[in-house]
There are 2 protein chains.
Amino acid sequence: MPETRLDIDRIRAARRMIDPVFLDTPLYRCDALDPALGCAVSIKLETANPVRSFKARGTELIAGLLAGDGAGAVVCASAGNLGQALAWSGRGRGLDVTVVAPRSAPAAKLDRIRALDARLELVDGDFDLARERAAAVARYEGIRLIEDSQDIETCEGAATIGLELVGAVPTFDAVLIALGGGALATGVGHVVKALAPEVEVICVQPLGAPAMTHSWRQRRVVTTGSTDTIADGVAARRPIPAVLDDLLLVADDAVLVQESSIMAGMRMLLDHAGLVVEPSAALGVAAILEDRDRFAGRHVVTIVCGGNVDMDAYHRWVGVAPDHTP
Amino acid sequence: MPETRLDIDRIRAARRMIDPVFLDTPLYRCDALDPALGCAVSIKLETANPVRSFKARGTELIAGLLAGDGAGAVVCASAGNLGQALAWSGRGRGLDVTVVAPRSAPAAKLDRIRALDARLELVDGDFDLARERAAAVARYEGIRLIEDSQDIETCEGAATIGLELVGAVPTFDAVLIALGGGALATGVGHVVKALAPEVEVICVQPLGAPAMTHSWRQRRVVTTGSTDTIADGVAARRPIPAVLDDLLLVADDAVLVQESSIMAGMRMLLDHAGLVVEPSAALGVAAILEDRDRFAGRHVVTIVCGGNVDMDAYHRWVGVAPDHTP
């Protein structure tokens, strides 16, 4: 059992706090991807739910605990998906939700946050600047700050995906996990290493946002000055020390992929799996594309973690042109 | 309890025969569709599985029974999805599967049938001609013929979707079901009318393939000379009398929609739900688009029944142009 901050019994208990609409998501072999990728690929699909990402597994936990404690308001920084999920979970429990997000976040994400009745504050900067601003809002207003990946509920909520993976038949050889702040990777990684340690846990990050991967490789926090990737959901510069400590205990590898591979992965998931995914959700396929020999003949699960994307950008990335004629 | 050929206890028992990968599929509110459609829409997603349609619920049942009886071979006619599902279910149970399909069926469907090791026979004609040919193959080879919608397992397999709908919270006001041969409509319709009779069961068929709808309205079998629709999965000309009898007992309405509405529905499911669907799976959204007043303010479930589509045709239908430049 890896000695991270996470706890298997709490993760099992977490399932009871999460709306079932976010649990037991599809996990299925996608044969049509095999010829193109040279390995057997299974998809864990986290997009077929009301917020189209895995993030609600964590926010359900948070909002349930806060509502139980009588809290009335909460604030988080978000690249878009956490904010949408917190808005959804908060709305059902009477919480006032404030989301601080980069102005450059996909309109699809920002629009959905607004539509879910959250207060949305935009910052002229990136996710790490939004984190600073959210912390300031929390201090000034005296309300609870939710810190993605830092707050254990965000990791243990994501970890419930791991429970659904390790119970699966047939078993698999490796799981590919998008790596940003680390909630998904430490969550799923903890459960996999605790209950199916023979499965390889491989984290995937864009070359243009490599802070956590560099940190994992050097076993110390490495920050970067900027990010340059279309994968907005994982574009972070400043790894959190406690999250890195956990990641060092559960990840077998962390790899970096090129933007062109992310786009090729999105196109493959569209053409061969019929899935519209955001760039972060294509990181796993991108990793296979960049290192086919490593995965040849193996059974690999890739977590399709989000599908919130601006369609004009999406069509541009996957190489189909929207027809705006009436 | 409607007096159809179907039986609730058998349908409940059927769940134990079906591989869990096809059961308990996502059912979720898709708020992003509401503004465009003027009602609350929930999606029942039948595409996130190894065959990308609901048809395996029935073929799992059939293949399980046949394998238990020691049968070695089976043949079906199919527009593509039943054949793919039967190939999948048969492969796992050592059945030799022959599929007779129209040569004009989507290449995506035919390729997948071949990839699943089924014998594929193509006919120069439509689905109803394939039905004749499959019957001849069965007589000539002395093997079991599977007749979609006629064979009760195809209906009761599809009916397991109904069990998953009637147990849902929140409840809903109407369910929109693609209508072709009638297995899905009679299956889901039977369960809904048995267990949640207040829910409106609305079948939707293309104007270009209206045989079953005309039959339902006239309460007698009406055949048509040809079909003209992109919705290949429901393009049938000759309703089966026993299936019509069942449909008359469970459907509250059957409506016809235009091709342009089907394409608009596919585009909406792409843009607002991130779902790549085949035309048959967009019939429900098309029905809302053509009669907004009927659905205004109501909570409607639409069954997204299949996602097997040729991507070039798909992009043409939804109005985005594939970019073939390298």
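Residues numbered from 1 in each chain as written. Chains lettered and ligands numbered in written order. Predicted model: local features only at pLDDT ≥ 70, side-chain atom pairs only at ≥ 80, totals over all residues. Heavy atoms only, no water.

**Structural notes on the side chain of K109 of chain B**
Short version of the rule: Numbered from the N terminus, helices here are DSSP runs of H or I no shorter than four residues, and strands are runs of E no shorter than two. Any two residues whose heavy atoms approach within 4.5 Å are treated as being in contact.
Topologically, K109 of chain B is positioned in helix 5 (residues 107–115). Contacts of K109 of chain B, omitting those with residues within four sequence positions, involve A79, G80, N81, Q84, D232, G233, E278 and N308 of chain B.

**As for the relation of the copies chain A and chain B**
Filter applied, for reference: When the copies are superposed, the least-squares fit draws on C-alpha atoms of residues that have pLDDT of at least 70 in both.
Expressed as a screw operation, the relation of chain A to chain B combines 0.0 Å of axial shift with a rotation of 180°, fitting to an RMSD of 0.0 Å. The operation mapping one copy onto its partner corresponds to a two-fold rotation axis. Closest to the rotation axis within chain A is the C-alpha of A321 of chain A, separated from it by 2.4 Å. Both copies contact each other with a shared surface, as 100% of the interface residues of chain A are interface residues in chain B too.

**Some words on the interface of chain A and chain B**
Spelled out, the test is: Simply put, the buried area is the total loss of 1.4 Å probe accessible area from both parts when two parts are fitted together. Any Lys or Arg side-chain nitrogen located within 4 Å of an Asp or Glu carboxyl oxygen qualifies as a salt bridge. We define a polar contact as two N or O atoms separated by no more than 3.5 Å, with the added condition that, inside protein, one atom must be a possible hydrogen donor and the other a possible acceptor, whereas residues neighbouring each other in sequence contribute only through side-chain atom pairs.
Opposite the 29 residues of chain A that make contact, chain B presents 29 residues. Here chain A meets chain B over a buried area of about 2200 Å², counting both sides, of which 56% is carbon and sulfur. There are 4 salt bridges connecting chain A and chain B. At the junction of chain A with chain B, the criterion picks out 4 residue pairs in polar contact (both at pLDDT 80 or more). Of all the secondary structure elements, the ones that give two or more residues to the side of chain A that touches chain B are strand 1 (27–29), helix 11 (259–273), helix 14 (311–318) and strand 11 (320–322) of chain A.

**Points about the packing of aromatic side chains**
Residues and elements named next belong to chain A. The test is simple: Between 30 and 60 degrees the pair is tilted, below 30 it is stacked and above 60 it is edge-to-face, where a pair is any two Phe, Tyr or Trp rings, Trp via its six-membered ring, whose centres lie within 6.5 Å.
Tallying each qualifying case throughout the model produces 2 aromatic pairs over all chains. Look at F22 and W88: their rings are 4.9 Å apart centre to centre, the planes differ by 90°, and that puts the pair in the edge-to-face class. Residue F22 is found in the loop between helix 1 (8–14) and strand 1, and its partner W88 is found in helix 4 (residues 81–91); the two are separated by 66 residues along the sequence.

**Remarks on the sheet that holds strand 8 (residues 200–206) of chain A**
All names here are of chain A. Our working definition: The pairing criterion for strands is at least two bridges between them, as found by DSSP. All axes here are fitted lines through C-alpha atoms, helices being fitted over the stretch that makes contact, and every angle between N-to-C directions spans 0 to 180 degrees.
Spatial strand order, 1-2-10-7-8-9: 6 strands in an open sheet with mixed pairing. If you trace the sheet from one side to the other, it starts and ends with strand 1 and strand 9 (253–257), each paired once. Ignoring which end each strand starts from, the neighbouring axes of this sheet average 25° apart. With 6 bridges joining them, strand 2 (residues 40–45) and strand 10 (residues 299–304) adopt parallel strand pairing.

**So, the pairing of strand 10 of chain A**
Residue and element names in this part refer to chain A. Quick note on the threshold: Relative accessible area decides the class of each residue, using a 1.4 Å probe on protein chains only: under 20% of the type maximum gives buried, over 50% gives exposed, and in between gives partly exposed.
Counting buried positions along strand 10 yields 6 of 6 residues, so the element is predominantly enclosed. Of the two faces of strand 10, the one carrying H299, V301 and I303 and the one carrying V300, T302 and V304 are both buried. Across 3 bridges, strand 7 (residues 174–178) lies against strand 10 in parallel orientation. Each bridged residue has a counterpart across the sheet, and for A174 the counterpart in strand 10 is V300.

**A closer look at the packing of helix 3 (residues 56–69) of chain B against helix 7 (residues 152–166) of chain B**
Residues and elements named next belong to chain B. Put simply, the rule is: Every angle not falling under 35 degrees, over 145, or within 65 to 115 is termed oblique; those three ranges are roughly parallel, roughly antiparallel and roughly perpendicular. With the far helix as reference, a near helix turned anticlockwise by less than a right angle produces a left-handed crossing, and one turned clockwise produces a right-handed crossing. We call Asp, Glu, Lys and Arg charged. Ala, Val, Leu, Ile, Met, Phe, Trp, Tyr, Cys and Pro are nonpolar, and the rest, Gly among them, are polar.
Orientation of helix 3 relative to helix 7, taken along the N-to-C sense of each, is 130°, at an axis distance of 7 Å. With respect to their mutual orientation, helix 3 and helix 7 come out oblique. Between helix 3 and helix 7 the crossing geometry is right-handed. When helix 3 is examined against helix 7, the residues R57, G58, L61, I62 and L65 are found in contact with a partner set consisting of E153, T154, E156, G157, A158, T160, I161 and E164. Class assignment of the residues belonging to the contact of helix 3 with helix 7 gives a composition of 5 nonpolar, 4 polar and 4 charged.

**Things to note about the domain arrangement of chain A**
All names here are of chain A. Selection rule: The start and end points of each domain follow an automatic or database-based domain assignment.
Looking at chain A, the domain boundaries give domain 1 (8–53 + 152–318) and domain 2 (56–146). Contact with domain 1, which involves 32 residues of that partner, is made by 26 residues of domain 2. Between domain 1 and domain 2, roughly 2400 Å² of surface is buried when both sides are summed, and carbon and sulfur atoms account for 54% of that area. Of the charged contacts, one joins R237 and D126 as a salt bridge, the two residues approaching to 2.4 Å between their closest N and O atoms. On inspection of domain 1 and its partner domain 2, the count reaches 17 residue pairs in polar contact (both at pLDDT 80 or more). Per-element tally for the side of domain 1 that touches domain 2: the top contributor is helix 7 (residues 152–166), with 8 residues.

**Examining the packing of helix 4 (residues 81–91) of chain B against helix 5 of chain B**
Residues and elements named next belong to chain B. Interhelical geometry of helix 4 versus helix 5 gives an angle of 15° and a closest axis separation of 9 Å. Here helix 4 lies roughly parallel to helix 5, going by the angle between them. Note that helix 4 runs across helix 5; the crossing there is left-handed. Contact residues: N81, G83, Q84, A87 and R91 in helix 4; K109, R112, I113 and A115 in helix 5. Looking at the contact of helix 4 with helix 5, its residues break down into 3 nonpolar, 3 polar and 3 charged.

**Comments concerning the nonpolar core**
Rule in force here: What makes a nonpolar core is a set of buried Ala, Val, Leu, Ile, Met, Phe, Trp, Tyr and Cys residues whose side-chain atoms join them at distances within 4.5 Å.
I43 and V175 of chain A together with I43 and V175 of chain B are the most contacted members of the largest nonpolar core, which totals 148 residues. With residues near it in sequence (within four places) discarded, I43 of chain B still touches P26, L27, Y28, C30, L33, L269, A273, L275, T302 and V304 of chain B.

**Some words on helix 14 of chain A**
Residue and element names in this part refer to chain A. The element helix 14 is largely enclosed, with a buried count of 6 among its 8 residues. Along helix 14, the residues that are buried comprise M311, A313, Y314, H315, W317 and V318. Positive backbone phi, at 80°, marks G319, one or two positions downstream of helix 14.

**Some thoughts on the pattern of salt bridges**
This model, assessed by the stated rule, comprises 60 salt bridges over all chains. Residue R112 of chain B pairs with D31 of chain A through a salt bridge whose shortest N-O separation is 3.5 Å. Residue R112 of chain B is found in helix 5, and its partner D31 of chain A is found in the loop between strand 1 and helix 2 (34–37); the two belong to separate chains. Among the ionic pairs, K44 of chain A bridges to E164 of chain A, the shortest N-O distance being 2.7 Å. Taken together, the residues span a long stretch of sequence, with K44 of chain A in strand 2 and E164 of chain A in helix 7 at a distance of 120 residues. E164 of chain A matches K44 of chain A in its accessibility class, with the two residues each being buried. Beyond isolated ion pairs, a larger network of salt bridges with shared partners links R15, D24, K44, E46, R57 and E164 of chain A.

**Some points on the sheet that holds strand 3 (residues 73–77) of chain B**
Hydrogen bonds between backbone groups are what pair the strands of a sheet, and the pairing can be parallel or antiparallel. Residues and elements named next belong to chain B. Pairing within the open sheet is parallel, and its 4 strands lie in the order 5-4-3-6. The open sheet has two edge strands, strand 5 (119–123) and strand 6 (144–146), and neither has a second partner. Averaged over all pairs of adjacent strands, the angle between their axes in this sheet comes to 20°, without regard to strand direction. Across the sheet, helix 6 (residues 127–141) touches strand 3, strand 4 (96–102), strand 5 and strand 6, and the angle it forms with strand 3 is around 160°.

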